[in-house]
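# An overview of the molecular structure
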Amino acid sequence: MKKSERREFFRDFRASLRVVSEEMPGLLPATAASALLDAAAPFVSIVLGAQILDRLLAGGGGVMPLVWWMVGLNFGIGLASRRLEVYKDAQMRKSDNITDLLVMKKCLTMDYQQLETQEIMDKKTRAVEGSRISGGGGGTLMFLYNLSDALKQAATILYALLTVSRLFVCGNAAPDAPVWIRRLDAPWAALAVLILALCVTAACIPLTKWANKVEMVMYEDNIDFNRRFGAFLSLMDYPVGKDLRTYGMSGMVMDKYMRNETGKRGRLKKNFMRTQRIRSLISVVNLATVLLAYAFVGLKAMAGLITVGAVSMQVGAITAFAGAVSQGIEMLGHLDLDRKYMKEFAAFLDTPSEKYNGTLPVEKRNDGDYALEFRDVSFRYPNQEQWSLRHVSCVLPKGRKLAVVGPNGAGKTTFIKLLCRLYDPTEGEILLNGIDIRKYDYGEYLSLLSVVFQDFKLFSMKLGENVAASVDYDPERVWACLEKAGMKERVEGMEKGLETGLYQQKEDGVELSGGEGQKLALARALYKDAPVVILDEPTAALDPLSEYEIYSRFGSLVEGKTSVYISHRMSSCRFCEEIMVFDQGRIVQRGGHEELLGDETGLYARLWAAQSEQYGK
């Protein structure tokens, strides 16, 4: 291993240990203690058993104390080891849950603009796949098991070397013994055999690295396959079922999946067979080491240089040593893989935030007097050349209702994302009470905004929790918001009321229509009771009667608040005091409904005329 590779190995290995020790304190000491005890158990029988055998051959004197020592030590070690194993396994089994928790926590706290990039999505996929054994990677759990096994093999090697060291005790050959016996009794003979055995064993290291490279290729292949499999898996969800059945696409989906699966299995089989052949070579090398050591012990026994008990002890120690070296090298190889897998996991968790998070507190005002201003704001999405917004300057009227309209792709939703600071402007700045919003504490700034996005999401939780966005909520306040959103009667008809679970992921979960979901999202925005309300197509999924009901009460819903209302329906603009018209990322018109209609060549009048013509038909 090159010096740079060694540095990388130990750096990544320390990072992996840090993740484990931070999330599961106490596990690493327990693992080390368990490894030392597990490795010691066989040597109690090997060493004491050899002494018992020699004493039996010498007449049997003093055998029973050794027997009791052997039984007592084995019992004590076994009991302590078992207790440690139970604790260790319980902690290890938490690792997958901890992995999920850490990834979820990182995703929830990461900048929204980062989550939308392909780079971060790939990083997340690699982190999840690399930290889970089920994903084809090493897994946190596998890292812990391999670490435990590696420590055990290291302890076994240490105990075995201490036991085998008795082969270096010389001076047992008679002065008149044959030359070959005197040479066999010399210290350099045992040293030469040990060096030769280590050289033979060293051949396992490049073989193990070779096997690891093949397994890493399998891991990379698995990541790509699992990403594709996830896409296929999403096609089984019932919302997609309508299109699959209507267009007869089931056969196409299965055909695409089988082609992907067949190719992947062929590559996996090929690489698996390669690793098995390499592992077989490693076994042959280890066998050669064992045979060499056995030959040396056998020759010393034939020459009468060691006792029968010593032969038994050395054979047991050599067998344990060979097995530990073989498994130890394999475990080091696995740990090398594991730290690469864990490196992906740690790299994702250590991904720095790109967005500056200010520290200024937001002034708490009961009058809702918060002035928001876009000052020469331009924006384009990451890796995009086209500008989504260009030189947008405007002031959001405090306490008034503002409509934002325009054709698809005009920049309306991007305008809202910047206002919510899901993204920061590429150029220009957005001000709150004259201060750049980037300087405010992000959480405090968001507390000023209640938003219903066009692609809003409700969660598979209780209905009341969805409205309150919290496990703890005020039922009376939830009911009041449901009534304002026109959803109270529907919820009252549900058997469990506010305790009703949403969607089929919950037991006895209720499926909502698009319009019902939109009303709940509106109730959630009302429950937050923020001074600025942003509604992005809030009535798109509502029937005409429900839409009219919302419109007729729109003023009371946002009374005293600054409200921004985005819609494709020109008729909804009548309920707003001021209208901004977007086109190709710019504000091209601004004014009241009648004022904008008066400009017959303007975009607003043309959009109004086009929709009016459709309604007239």
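One can find the structure itself at the top, above this paragraph.
These notes cover the structure that comes with them.

Scoring rules and cut-offs
- Residues numbered from 1 in each chain as written.
- Predicted model: local features only at pLDDT ≥ 70, side-chain atom pairs only at ≥ 80, totals over all residues.
- Heavy atoms only, no water.
- Phe/Tyr/Trp six-rings, centres within 6.5 Å; stacked < 30°, edge-to-face > 60°.
- Lys NZ or Arg CZ within 6 Å of the ring centre and 35° of its normal.
- Pairing = 2+ DSSP bridges.
- Helix = DSSP H or I, 4+ residues; strand = E, 2+ residues; numbered from the N terminus.
- Expected span 1.5 Å × (residues − 1).
- Bend = angle between axes of the 7 residues up to and from the residue.
- Core = buried A, V, L, I, M, F, W, Y, C linked by side-chain atoms within 4.5 Å.
- Buried < 20%, exposed > 50% of the residue type's maximum accessible area, 1.4 Å probe, protein only.
- Contact = heavy atoms within 4.5 Å.
- Axes fitted to C-alpha atoms, helices over the stretch in contact; angles between N-to-C directions.

Here we take up the packing of aromatic side chains. Summed over the entire model, instances satisfying the criterion amount to seven aromatic pairs. Taken together, the aromatic side chains of Tyr 112, Phe 379, Tyr 381 and Tyr 423 make up a single cluster linked through ring pairs. Looking at Arg 390, its charged tip hangs above the ring of Trp 387, at a distance of 4.0 Å from the centre. Its guanidinium or amino end placed over the ring of Tyr 527, Arg 477 lies 4.0 Å from that ring's centre, counting from NZ or CZ.

Turning our attention to the sheet that holds strand E2 (residues 389-396). Read across the sheet, four strands follow the order E2-E1-E4-E5 without closing on themselves; strand pairing throughout is antiparallel. Of all strands in the sheet, those with a lone pairing partner are E2 and strand E5 (435-436), marking the two edges. Pairing between strand E1 (residues 372-379) and strand E4 (residues 427-432): five bridges, direction antiparallel. The residue bridging Arg 375 from the neighbouring strand is Glu 429, located in E4.

This next bit is on helix H2 (residues 27-57). With 31 residues, H2 extends 46 Å between its outermost C-alpha atoms, agreeing within 8% with the 45 Å of an ideal straight helix rising 1.5 Å per residue. Within H2, the axis deviates most sharply at Ala 41, by approximately 25 degrees, and proline Pro 42 lies no more than four positions further along. Gly 59 occupies a position one or two residues after H2 and carries a positive phi of about 125 degrees.

Here the phi dihedral of Ala 469 falls at roughly 55 degrees; this positive angle occurs in a residue that is not glycine. Locating Ala 469 in the fold gives a position in the loop between helix H16 (463-468) and helix H17 (475-484). The backbone of Gln 584 sits at a positive phi, close to 55 degrees, despite the residue not being glycine. Along the chain, the position of Gln 584 falls in the loop between strand E9 (578-583) and strand E10 (586-591).

The biggest cluster of nonpolar side chains holds 41 residues, and the ones touching the most others in it are Leu 463, Leu 482, Leu 520 and Tyr 604. Looking at this core element by element, the count peaks at seven residues for helix H19 (residues 514-528). Not counting chain neighbours up to four residues away, the residues in contact with Leu 463 comprise Leu 482, Val 491, Met 494, Gly 497, Leu 498, Thr 500, Leu 502 and Leu 520. If you look at the next biggest cluster of nonpolar residues, it comprises 33 residues, including Tyr 370, Val 377, Leu 402 and Leu 418.

Sheet strands pair by backbone hydrogen bonding; their relative direction is either parallel or antiparallel. With respect to topology, six strands assemble into an open sheet ordered E6-E7-E8-E3-E9-E10, the strand pairing being mixed. Single-partner strands in this sheet number two, and they are strand E6 (449-452) and E10. With direction set aside, neighbouring strand axes in the sheet form an average angle of 15 degrees. The pairing of E6 with strand E7 (residues 532-536) spans four bridges and is classified as parallel. Looking at the pairing, Val 452 lines up with Leu 535 of E7. Set on the sheet, H19 makes contact with E6 and E7; between it and E6 the angle comes to about 180 degrees.

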